[in-house]
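# Geometric and topological summary
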Amino acid sequence: MAAELTIGTAGLLQDGVRLPAAAVQALVAGLAQRLEQGARQRVALISDRADAALVALLACQRAGCDLLLWRQATPPDSPVWRELGVSALLDGELGLVELPLPRRAEAAGLVLLATSGTTGTPKVAMHRLDRLLGRVRSPRDAARHGIAIIHQELNLVPELTVS
């Protein structure tokens, strides 16, 4: 049974800006349609934004393509894309750049995570989306697995400092 990402009614909050669920769903639908039109099998998202990653994950899930999450700015003509079988790039604004690559075989619904290689060459870990999402279904499940919210906002408690 494959896990499925869904959007709750609260929407998405990033950098203090709330994006309503309906807006997220519209972005996902639009991107999925663009991905399906080109019959892409593997897409790379070059961004460190959580909102772009969520929309790209949902759109790739809907379009049936693999998603490579890539944080390092890499030009479209880099040989790394051919090595990884990437047929299109997405930027943080979800702009789509086609790459002149031969079509791969069939996509497997993978999420590929780039890791820093000790040799200086990035390595890619392949995960199935259902394996990444299958165990945590609620905040209570997350707590049971030792997962908690880690706030990036440093001024939640003004009396405390990092020193």
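Now for a description of the structure that goes with this document. Since the structure is predicted, the reported quantities are computational estimates derived from the model, not experimental observations. (Residues numbered from 1 in each chain as written. Predicted model: local features only at pLDDT ≥ 70, side-chain atom pairs only at ≥ 80, totals over all residues. Heavy atoms only, no water.)

This part takes up the overall build of the protein chain. Secondary structure assignment for the protein chain yields five helices and eight strands. Listed by position from the N terminus, the elements making up the protein chain come as β-β-α-β-α-β-α-β-β-β-β-α-α. Sorting the 163 residues of the protein chain into buried and exposed places 34% on the buried side. About 10,800 Å² of surface is accessible on the protein chain, with carbon and sulfur atoms providing 56% of the total. (Helix = DSSP H or I, 4+ residues; strand = E, 2+ residues; numbered from the N terminus. Buried < 20%, exposed > 50% of the residue type's maximum accessible area, 1.4 Å probe, protein only. Areas by Shrake-Rupley, 256 points an atom, 1.4 Å probe, with all protein chains shown as cover.)

Before going further, it helps to examine the pairing of strand 4 (residues 66-70). Most of strand 4 sits out of view: four of its five residues are buried. With helix 2 (residues 50-63) bridging strand 3 (residues 42-46) and its parallel neighbour strand 4, the resulting β-α-β unit is right-handed. Here strand 4 pairs with strand 7 (residues 110-115) via three bridges, running parallel. Pairing of Leu67 across the sheet is with Val111, part of strand 7. (Right-handed = clockwise from strand over helix to strand, strands pointing away. Pairing = 2+ DSSP bridges.)

Attention shifts here to the pattern of salt bridges. Tallied over the entire structure, the rule returns three salt bridges. Asp48 is paired through a salt bridge with Arg71; the nearest N and O atoms lie 4.0 Å apart. Of this pair, Asp48 sits in the loop between strand 3 and helix 2 while Arg71 is found in the loop between strand 4 and helix 3 (79-84), placing the two residues 23 residues apart along the sequence. Comparing Asp48 with Arg71, the two get one shared label, exposed. (Salt bridge = Lys/Arg side-chain N within 4 Å of Asp/Glu carboxyl O.)

This part is about the side chain of Ser47. Within the secondary structure, Ser47 sits in the loop between strand 3 and helix 2. Overall, Ser47 belongs to the buried group, its relative accessible area being 14%. Polar contacts involving the side chain of Ser47 include one to the main-chain amide nitrogen of Arg49, which spans 3.0 Å. Leave out the neighbours within four places in its chain, and Ser47 touches Ala52, Trp70, Arg71 and Gly92. (Polar contact = N/O pair within 3.5 Å; in protein donor to acceptor, adjacent residues only side chain to side chain. Contact = heavy atoms within 4.5 Å.)

Counting residues in each nonpolar core, the largest one holds 21 residues, and the members touching the most others are Leu31, Leu35 and Leu45. Only helix 1 (21-37), strand 3 and helix 2 provide two or more residues apiece to this core. Take this core: its biggest share by element is eight residues, from helix 2. With near-sequence residues (within four places) excluded, Leu31 lies in contact with Val55, Ala56, Ala59, Leu90 and Leu94. By size, the runner-up hydrophobic cluster in this structure holds twelve residues, among which are Leu68, Val80, Leu84 and Val86. (Core = buried A, V, L, I, M, F, W, Y, C linked by side-chain atoms within 4.5 Å.)

To continue, consider the packing of helix 1 against helix 2. The geometry of helix 1 relative to helix 2 is characterised by a closest axis approach of 8 Å and an angle of 50° between their N-to-C directions. It follows that helix 1 is oblique to helix 2 by the angle criterion. Helix-helix and strand crossings are classified by hand; for helix 1 and helix 2 the assignment is right-handed. Across from Val24, Leu27, Val28, Ala29, Leu31, Ala32, Leu35 and Glu36 in helix 1, the residues of helix 2 making contact are Val55, Ala56, Leu58, Ala59, Cys60, Arg62 and Ala63. Its residues assigned to classes, the contact of helix 1 with helix 2 comprises 13 nonpolar, no polar and two charged. (Axes fitted to C-alpha atoms, helices over the stretch in contact; angles between N-to-C directions. Parallel < 35°, antiparallel > 145°, perpendicular 65-115°, else oblique. Left-handed = near helix turned anticlockwise from the far one by under 90°. Nonpolar A, V, L, I, M, F, W, Y, C, P; charged D, E, K, R; others polar.)

Take unusual backbone geometry next. For Leu94, which is not a glycine, the phi torsion comes out positive at approximately 65°. By secondary structure assignment, the location of Leu94 is in the loop between strand 5 (88-91) and strand 6 (96-98). Assessed through its relative accessible area of 9%, Leu94 is described here as buried.

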